[in-house]
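Structural description and commentary
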Amino acid sequence: QVQLVESGGGLVQAGGSLRLSCAASGLTFSNTNMGWFRQAPGKEREFVAAISWVDSAFAADSVKGRVPISRDNAKNTVYLQINSLKPEETAIYYCNAPIRILLLQAPSAGNYWGQGTQVTVSS
């Protein structure tokens, strides 16, 4: 059974940073593109960042330069650092696999999701 477990969310002031973690099990982690989506209240789910199985990183335009993403295959874990957080980025952040990284389109979500971790950014 595939399981994705997120952690690291919380309450932070605008301009602060959080480091989110996603621990995966039940899949061949080293061969899987991993990533993150988020959903804010009243808004559609949106792509945030992804990292391929060959360690290439991708990020949405809205967060480029602020969200270094990395993976540790020995720990089956992907990390998302979010810097300079804005109040409008308050959302539930979801780990997802396997992300399909496309050339001319936004990355496509895979079938497996974590339960999400809440990030709340205060002004």
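Note that the structure is a prediction, hence the values are computed from the model and not measured. (Residues numbered from 1 in each chain as written. Predicted model: local features only at pLDDT ≥ 70, side-chain atom pairs only at ≥ 80, totals over all residues. Heavy atoms only, no water.)

Further remarks concern the state of the cysteines. The full count for this structure, using the stated rule, is one disulfide. Disulfide partner of Cys 22: Cys 95, at an S-S distance of 2.0 Å. With the S-S bond torsion at -80°, the cross-link from Cys 22 to Cys 95 turns out left-handed. Taken together, the positions of Cys 22 in strand 3 (residues 18-25) and Cys 95 in strand 9 (residues 91-97) put the pair 73 residues apart, joining distant regions of the chain. Classification of Cys 22 by relative accessible area gives buried; the value is 0%. Classification of Cys 95 as buried rests on a relative accessible area of 0%. (Disulfide = S-S within 2.5 Å. Helix = DSSP H or I, 4+ residues; strand = E, 2+ residues; numbered from the N terminus. Buried < 20%, exposed > 50% of the residue type's maximum accessible area, 1.4 Å probe, protein only.)

Attention now moves to the layout of surface pockets. The calculated volume of the largest pocket comes to roughly 160 Å³. Every residue lining the largest pocket is listed: Phe 47, Phe 58, Ala 59, Ala 60, Asp 61, Lys 64, Ile 101, Leu 102, Gln 105, Ala 106 and Pro 107. Here the lining of the largest pocket is built from residues that sort into eight nonpolar, one polar and two charged. (1 Å grid on protein atoms, 1.4 Å probe; cavity = no way out; pocket = protein on both sides within 12 Å on 5 of 7 lines; lining within 4 Å. Points joined across faces, edges and corners; volume = space filled by probe spheres on them. Nonpolar A, V, L, I, M, F, W, Y, C, P; charged D, E, K, R; others polar.)

That's the geometry; what it means functionally is another story.
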